[in-house]
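Per-entry structural report
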Amino acid sequence: MVHKVTRPRDVRVIALARLISEAGDEIALIALLFQVKSSGPAAISAIFALYALSRILLAPYSGSVADRFSTKRLIITVSLAQTAVAICLAFSHGAVLYVLVFLLALGATIIGPAWQALIPTLVPSDELSRTYAFIQTHRSFAIIIGSAIGGFLVQKFNPSTALLIDAVSFLAVGVFAFTLQNDRKPGLLKLSRRESVQGFKQLISSPVLVSSIVLLAAFNMSAGVNEVLGVFLVTDILQGSASQYGLVMASLGVSMVATGFVLSRASINTRDTTCLIISAATSALGMFVYGISPNVYVAMLAFGINGIGLSGLHAFGTPIIVRHTREEERGRVFAASSSITTTGTLLSTGIAGSLGSIVPVRIAISGAALICGFSALIAGSRIIRTEKKLAAECSSTS
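Residues numbered from 1 in each chain as written. Predicted model: local features only at pLDDT ≥ 70, side-chain atom pairs only at ≥ 80, totals over all residues. Heavy atoms only, no water.

Quick notes on the pattern of salt bridges
- One pass over the full model with this rule turns up 10 salt bridges.
- Residue Arg9 pairs with Asp10 through a salt bridge whose shortest N-O separation is 3.1 Å.
- With a relative accessible area of 32%, Arg9 lands in the partly exposed category.
- Taking the relative accessible area as the measure of exposure, Asp10 reaches 2% and is therefore buried.
- Between Arg18 and Glu22 there is a salt bridge, with its nearest N and O atoms 3.6 Å apart. (Salt bridge = Lys/Arg side-chain N within 4 Å of Asp/Glu carboxyl O. Buried < 20%, exposed > 50% of the residue type's maximum accessible area, 1.4 Å probe, protein only.)

Here's the deal with the packing of helix α8 (residues 198–205) against helix α9 (residues 207–237)
- In the contact formed by α8 and α9, the axes pass within 5 Å of each other and the chain directions differ by 100°. Between α8 and α9, the interaxial angle falls into the category roughly perpendicular. In this structure, α8 contributes Gln202, Leu203, Ile204 and Ser205 to the contact, and α9 contributes Pro207, Leu209, Val210 and Ile213.
- Tallied by class, the residues present in the contact of α8 with α9 amount to six nonpolar, two polar and no charged. (Axes fitted to C-alpha atoms, helices over the stretch in contact; angles between N-to-C directions. Helix = DSSP H or I, 4+ residues; strand = E, 2+ residues; numbered from the N terminus. Parallel < 35°, antiparallel > 145°, perpendicular 65-115°, else oblique. Contact = heavy atoms within 4.5 Å. Nonpolar A, V, L, I, M, F, W, Y, C, P; charged D, E, K, R; others polar.)

Concerning the state of the cysteines
- For the structure on display, the rule yields zero disulfides.
- As a non-bridged cysteine, Cys372 has Cys275 as the owner of its nearest cysteine sulfur, 18 Å distant. (Disulfide = S-S within 2.5 Å.)

Focus: the environment of Ser160
- By secondary structure assignment, the location of Ser160 is in helix α6 (residues 159–178).
- Spatially, the C-alpha atom of Ser160 lies 9.7 Å from that of Cys88, the residues being 72 residues apart in sequence.
- In this structure, Ser160 is in contact with Gln35 and Ala90, ignoring residues within four places of it in sequence.

Brief notes about unusual backbone geometry
- You will see that Gln239, though not glycine, has its phi angle at about 60°, which is positive.
- As for its position among the elements, Gln239 is in the loop between α9 and α10 (242–263).

Take a look at the structure:
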């Protein structure tokens with residue numbers, strides 16, 4: 001049943017801050033791609049690689065920072081620093097531009113885990129799925145409007161103007177953080193190498209967390225294949241135009257917004273682990289149908305189905321991670337999780353480039369979806385079995 005939900009003020013503030021932040025990121029990405037376009041494909045690849053590598057390489061340290069300092073103060077400080085970096089980016093070229101891109105991405109690797117670790121302190125555990133769905137709705141909407149605004153700014157003005165708008169978005173995030181009424185003040189006393197890898201240790205020591213990350217990484221890898229080969233499927237095989245390819249991508253975003261809106265207001269009595277498996281199967285089905293689509297319109301429908309599943313993965317997967325993580329370590333665990341899933345995406349994009357030259361595009365996309373779906377079912381079943389075992393052990397000792 002769907003009904004009106006009253007949310008804590010700080011949750012609404014976080015949702016708006018994430019919307020502005022994600023929209024700014026999309027504006028910046030489009031501006032940067034056009035800024036370096038004249039330097040060739042390698043320059044564009046470097047931009048994507050810098051964003052990914054910042055999450056992969058610096059996750060232990062960014063997570064430790066999120067668990068060491070007050071969330072409110074940390075987000076304000078990092079947002080102001082990102083504002084300055086974005087302003088410098090607007091007037092930079094050559095090697096300096098890439099250094100600044102990495103610094104901008106570094107800020108995101110810190111702020112992301114900090115926001116995620118704050119949310120569970122604001123709502124009861126049984127409201128986490130709806131809360132994450134609520135915030136994910138804003139983030140999905142931000143991707144749609146951010147892409148549109150970024151393209152408009154670059155076309156009507158220039159990439160530098162778009163980057164200056166991005167700088168304003170970072171400043172706005174800092175202002176929103178300043179208005180937070182609650183704060184997370186974690187207990188990590190000092191930054192050290194031992195503490196920095198605690199997030200990864202926590203992930204691999206818990207069977208539920210291992211299975212959760214395997215599941216999420218599988219979908220990131222399949223998404224990476226779609227990202228690389230999808231343009232060839234739509235434009236070459238289905239004979240679609242660039243605009244139609246844009247509509248296929250837009251259908252994913254619209255579907256995620258609509259699904260997130262429903263999930264953020266729906267009362268769901270089914271366990272989140274079961275909902276996670278259903279979401280995984282739905283997303284895998286959408287990606288499989290995408291690979292065998294006879295025309296662009298079926299491809300749009302398939303990506304819409306994929307969006308429904310992806311929204312569920314975000315809404316139901318994150319509370320499982322929260323449930324099996326100690327509060328004082330959540331910043332590091334979320335950073336480690338992001339690092340592993342991003343590694344999956346980076347690997348899959350590289351593999352897809354080679355795979356697409358030796359395997360038909362349809363087979364590559366559909367095959368990746370099937371592998372992803374089976375991996376998710378195995379990992380999801382393991383999560384359910386492990387949680388039932390833990391519940392039985394708790395019952396026998398109480």
